[in-house]
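Structural overview for review
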Amino acid sequence: MSRPVKGKTPRRPPPKYAPSSQKDPVGVYCRVRPLGLEDEECCIEVISSTTIQLHAPEGFKTNRNGEYKETQYSFKKVFGVSISQVELFEHVAKPLVDDLIHGKNGLLFTYGVTGSGKTFTMTGSPGLGGLLPRSLNMIFNSIGPYQAKRYVFKTDDKNGMEVQNEIDALLERQRRENNLPVPKTTSSRQKLDPEIADMIKPEEAYKADGVDEDSSYSIFVSYIEIYNNYIYDLLEENQEDAIKPKWNGGGTPVRLNTEFIPPQSRILREDQNHNMYVAGCMEVEVKSAEEAFQVFWRGQKKRKVANTRLNRESSRSHSVFIIKLAQAPLDADGDNILQDKNQVSVSQLCLVDLAGSERTGRTGAEGTRIREAGNINQSLLNLRTCIEILRENQMCGTNRMVPYRDSKVTHLFKNYFDGEGKVKMVVCVNPKADDYDETLLVMRFAEMTQEVEVARPVDRPICGFTPGRRHRNQAFKEELSRKLEERGGPIDRDVPSVINHLAHSLPPLPSSELTDPNDDITLPRLIEALQNRHRIRQMIIEEYNKAANMMQSMLQELDGNLISKDNFIHEQNGRLAEREKIIQSNRAEMDRLEKKTKMQEHKIDILQKTTKIYEGDKRSLQQELETRDQRLQREQTDKRRMEQRMHGVVSDTQHKWEKECERRVNAKQLEMQNKLWVKDEKLKQLKAIVSESKTPGRPDPPPRQTQPPQRSSREERIPAKRSASPSPLPTTTPVRQLHRRSRSAGGEKWVDHKPTSSLDLGTVLQPVIPNAIQVSAPSEKALSKCDRYVLTHQEVASDGEIQTKLIKGDVMKTRGGGQAVQFTDIETLRQELTTVPGRKRKSSEGAPANGERKDGAWTDVETRCSVAMEMRAGSNMGPGLEHHGITKRRKP
């Protein structure tokens, strides 16, 4: 079974025009708003025509040196408070309008804090028109005589433009006006709104130079707003219902069946030339500056504004007014537009009024206003991020992806930053001290924007026809009409002139004056003339009847032809109706597909967001896994290090125990030798007493030395080894053992683990552990209640006696929720018992005068004293280190 081959993604078509290698920086201008009457302190000073300086207001936070920090910022041009709207338009917008007429795109947007004068700069006020009305006035002053008739240029709903002849344009106009419920555009002859009637004075009008007279032009305008990152068409009639759906108490729009209603907004798409446009946006063809501004004002009234603490009419959305200029060259005769879609050039100028950045703490926003302010600040932050990444890519040579798609504002205008036209920005600032923080951020963004360079747009290719075609065609028509008038064109003849002509064509009447009643000449002559005139009249009537009959037949023939043509037109209308039905069905199908596409795009957005969340989780899990791997490696390293250390400790301990065992063996041998020597001495004394008793007459022998006999030199050279038993003491007073104070004497709670196999040795000294829980087998419940642990262990020592070990440790909690014991200390308790032949005398009875000790003195101490041995884990004390008991002093 063959596997189907996956199709490759088709390549994008190359751009219409090759990108230019020359680049221009973004033109950034600054306009300072005048202070209000209530504003006293100013924080901005205009130093020159290109530089301003910011002063920190009084009471503002100083820098580290304790002085106010003054900063200067440079722009392409700075407009002070005395600059008029005309001067601002001449420096900022006029070059963009010239480029628009010559087929180049442009983008102009105002940026600043809320209440800084952005809307006034863009729109203006009565008598002080802003950049937008002056741009429209200049465009129509330049192309007014060369405009095409309405509907000659037609949009194709894909950001393209089609051209059709005048007959098709006439039919299109009749069909739109009569059949389709399309709102009629405002005529330039109608009375304008009083608020916009006197925006521009006639003496302030501008006109572009170098307009191509051999082309026909048409202007299309559209007006949109970006509200809460959704795009809405302000020229659509039912736009209010789409923006204001029903809302429930939780703040989400719902239907009766509680289904979520997403806001109905326009979507962004990319045309075949990779330019972004708003799909389904209404584009209105206008023929005058007044009509265009009337359309703008109709959409301006629908724009979202609200009253805040800082601005009475604060813009709550970003508005975009798009002026699209379509131009096509005339044919070789200079009479009609060239019917070639490839020769149609479309350029556009976008005038953007960005909503001002604001702080909710200062504006006093609540509820919906907080959400609006958050979306405004987020979109402006995305714009700053895109500008910053563009600047980094250009200055550092990096290739980071610019996040245009994070916001509708940046996504719509991404082509301009990629080199599709000039970009200019007017930074509006308010010099009052309360806006110092926000103004400082705006200045930093403006300074960074000036460092971004945009590719220069290429010139439009020139058509190959002879220039001056329109002028020659008009001159030819004027000369033709003049010559026709000179040669006598067709004269209009009315009814009286026809009657006069017929009267003059009849024979004249003879003189009819009668002087004599018997005159026989005048009357017959008059009768003959009248008969001739009657005969001529009859002939004219006959000719007229013939002509009338002929005309009647011709009219009947024309009527027949007209009826056949009417039938043909009716048949064509039937076919046209069928075509209209097909078109309507196709449009319905297109609408369905559009809705499906929107739904799919919405799902794609959700999936992309979900993918981003999963990728974030994946990165966090990978980081956690790497951290745990590193921790595991460290633990393994510590484990190996501990094993090596324990191996060394074990070897050292083994070596110490070997030495200790050898020492103990030597000590035991020495002890046995001493015991044998003592027994030999006692036997010798007993033997001497017995022999003396057998010889009573023998004098007493001298007292016997109790010292042991002299040993050989070899024995003297042997060093005395340390004995495991305590050395003889000069007194027989009982002593107590000295043991280290256990840490269990504190306030900790212990688990006393004594196995059932432990034996009671009956010793006087017993380990006492207060505040302890005695168990025979450890349990998790007992360990969870205590802090320390002790195990009583008994074993047989090397000398055959039973020794007791107290193994102590700390109780610790594990990660799994259980309990673990870490052993930290070992105490060893051991007793030694020796066999004594008889009761020993006290040291005070019969003590020798010379201070010599008896033989049984040290053995009596050896009998009564026990030795305690103690060893700590990890200490330097070996198992051979012993602590002997000291004599217990009695109170006097």
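In case you missed it, the structure is sitting above this.
Read on for an overview of the structure.

Points about the overall build of the protein chain
A count of helices and strands for the protein chain gives 18 helices and 31 strands. At a minimum sequence separation of 6, the contacts of the protein chain that also span at least 24 residues come to 71%. Accessible surface computed for the protein chain: about 58,400 Å², of which carbon and sulfur atoms make up 52%.

Section: the sheet that holds strand 5 (residues 71-74)
The strand order 3-4-5 describes an open sheet built from 3 strands, whose pairing is antiparallel. The sheet is open, and its two borders are formed by strand 3 (44-46) and strand 5, each paired with just one other strand. Averaged over all pairs of adjacent strands, the angle between strand axes in this sheet comes to 25 degrees, irrespective of strand direction.

Focus: the packing of helix 4 (residues 131-143) against helix 7 (residues 289-300)
Interaxial distance between helix 4 and helix 7 falls to 9 Å at its minimum, and their mutual angle equals 150 degrees. By the angle between their axes, helix 4 is roughly antiparallel relative to helix 7. Once helix 4 is placed against helix 7, the crossing between them reads as right-handed. When helix 4 is examined against helix 7, the residues L132, P133, L136, N137 and F140 are found in contact with a partner set consisting of A289, A292, F293 and F296. For the contact of helix 4 with helix 7, the class distribution of residues is 8 nonpolar, 1 polar and no charged.

Quick look at the nonpolar core
One recurring pattern in soluble globular proteins is that nonpolar side chains are buried together. Ranked by size, the top nonpolar core spans 56 residues in total, and within it I52, F75 and F413 carry the most contacts. Residues within four places of I52 in sequence aside, it is in contact with C30, I44, E45, V46, I47, T71, Q72, Y73, F75, V78 and M443. If you look at the next biggest cluster of nonpolar residues, it comprises 44 residues, including L136, I139, Y146 and L349.

Points about the packing of aromatic side chains
For any pair of aromatic rings, geometry is given as the distance between the ring centres together with the angle between the planes. Considering all chains together, one arrives at 10 aromatic pairs under this definition. Seen from their ring centres, Y223 and F296 are 5.0 Å apart, and the 40 degrees between their planes marks the pair as tilted. Separated by 73 residues along the polypeptide, Y223 in strand 12 (residues 215-227) and F296 in helix 7 bring together distant segments of the chain. Relative to W297, the ring of F293 lies with its centre 6.3 Å away and its plane at 25 degrees, an arrangement referred to as stacked. Here W297 and F293 lie together in helix 7, a separation of 4 residues that amounts to about one turn. Neither residue differs from the other here; F293 and W297 are each classed as buried. Grouped by ring-pair contacts, the aromatic residues Y223, F293, F296, W297 and F321 constitute a single cluster.

Thoughts on unusual backbone geometry
Here N228, not a glycine, exhibits a phi torsion of approximately 55 degrees, which is positive. Along the chain, N228 falls in the loop between strand 12 and strand 13 (230-233). Residue N228 is classed as buried on the basis of its relative accessible area, which comes to 16%. Residues other than glycine seldom take positive phi values, yet N771 does so here, at roughly 55 degrees.

Considering the pairing of strand 12
Burial within strand 12 is extensive, with 13 of its 13 residues counted as buried. Here strand 12 shows a buried face lined by S215, Y217, I219, V221, Y223, E225 and Y227 and a second buried face lined by S216, S218, F220, S222, I224 and I226. Where strand 12 meets strand 16 (residues 284-286), 3 bridges bridge the pair, whose relative direction is antiparallel. In the sheet register, F220 faces strand 16, and the bridge partner there is E285. Examined bridge by bridge, strand 12 and strand 13 share 4 bridges and lie antiparallel to one another. When the sheet's bridge partners are listed, E225 is paired in strand 13 with Y232. The turn joining strand 12 and strand 13, which pair antiparallel and follow one another in sequence, is formed by 2 residues; a positive phi near 55 degrees is taken by N228.

Side note on the pattern of salt bridges
A full pass over the atoms with the stated rule returns 27 salt bridges. Of the charged contacts in the structure, one is a salt bridge between E236 and R266, with a shortest N-O distance of 2.8 Å. Highlighted residues: E236 in the loop between strand 13 and helix 6 (239-243) and R266 in the loop between helix 6 and strand 14 (268-270), separated in sequence by 30 residues. Owing to a relative accessible area of 22%, E236 belongs among the partly exposed residues under this scheme. With a shortest N-O distance of 2.3 Å, R592 and E589 are connected by a salt bridge. Highlighted residues: R592 and E589, both in helix 15 (residues 522-694), separated by 3 residues, approximately one helical turn. Take R592: its relative accessible area is 43%, and that puts it in the partly exposed class. Since its relative accessible area comes to 35%, E589 is described here as partly exposed. Among the charged side chains, a salt-bridge network with shared partners connects E660, R663 and R664.

Describing a nonpolar patch on the surface
There is a patch of nonpolar side chains on the surface, built from M550, M551, M554, L555 and L558 and spanning about 500 Å² of accessible area. Its location among the elements puts M551 in helix 15. Judged by its relative accessible area of 44%, M551 falls in the partly exposed class.

Let's talk about the packing of helix 2 (residues 94-101) against helix 4
Helix 4 packs onto helix 2 with a crossing angle of 40 degrees between their chain directions and a minimal axis gap of 10 Å. With respect to each other, helix 2 and helix 4 are oriented oblique. The interaxial crossing formed by helix 2 with helix 4 has right-handed handedness. Note on element contacts: helix 4 touches helix 2 through S135, M138, I139, S142 and I143, opposite K94, V97, D98, L100 and I101. A class-by-class count of the residues in the contact of helix 2 with helix 4 yields 6 nonpolar, 2 polar and 2 charged.

What to know about the environment of Q327
Examined against the element boundaries, Q327 turns out to sit in strand 19 (residues 318-329). The buried category is assigned to Q327, whose relative accessible area is 1%. Linking Q327 and Q343, residues 16 residues apart in sequence, is a C-alpha distance of 8.6 Å. One polar contact links the side chain of Q327 to the main-chain carbonyl oxygen of I101, over a distance of 3.3 Å.

Observations concerning helix 7
Residues three or four positions apart in an α-helix share a direction because the helix packs 3.6 residues into each turn. Taking 1.5 Å of rise per residue, 12 residues should cover 16 Å, and helix 7 covers 16 Å from first to last C-alpha, within 8% of that figure. When you tally the buried positions in helix 7, you get 10 out of 12 residues, the bulk of the element. Of all the positions in helix 7, only A289, E291, A292, F293, Q294, V295, F296, W297, G299 and Q300 are classed as buried. Packing partners of the buried residues in helix 7 comprise helix 3 (118-122), helix 4, strand 12, strand 16 and strand 19.

Notes on the side chain of T123
Counting through the fold element by element, T123 comes out in the loop between helix 3 and strand 8 (124-125). Excluding its chain neighbours within four sequence positions, the residues that come into contact with T123 are G129, G130, P133, M199, F293, F296 and W297.

Criteria and cut-off values
- Residues numbered from 1 in each chain as written.
- Predicted model: local features only at pLDDT ≥ 70, side-chain atom pairs only at ≥ 80, totals over all residues.
- Heavy atoms only, no water.
- Helix = DSSP H or I, 4+ residues; strand = E, 2+ residues; numbered from the N terminus.
- Contact = heavy atoms within 4.5 Å.
- Areas by Shrake-Rupley, 256 points an atom, 1.4 Å probe, with all protein chains shown as cover.
- Pairing = 2+ DSSP bridges.
- Axes fitted to C-alpha atoms, helices over the stretch in contact; angles between N-to-C directions.
- Parallel < 35°, antiparallel > 145°, perpendicular 65-115°, else oblique.
- Left-handed = near helix turned anticlockwise from the far one by under 90°.
- Nonpolar A, V, L, I, M, F, W, Y, C, P; charged D, E, K, R; others polar.
- Core = buried A, V, L, I, M, F, W, Y, C linked by side-chain atoms within 4.5 Å.
- Buried < 20%, exposed > 50% of the residue type's maximum accessible area, 1.4 Å probe, protein only.
- Phe/Tyr/Trp six-rings, centres within 6.5 Å; stacked < 30°, edge-to-face > 60°.
- Salt bridge = Lys/Arg side-chain N within 4 Å of Asp/Glu carboxyl O.
- Patch = residues over 30% accessible without salt bridge, like charges linked within 9 Å, V, L, I, M, F, W, Y side chains within 5 Å.
- Polar contact = N/O pair within 3.5 Å; in protein donor to acceptor, adjacent residues only side chain to side chain.
- Expected span 1.5 Å × (residues − 1).

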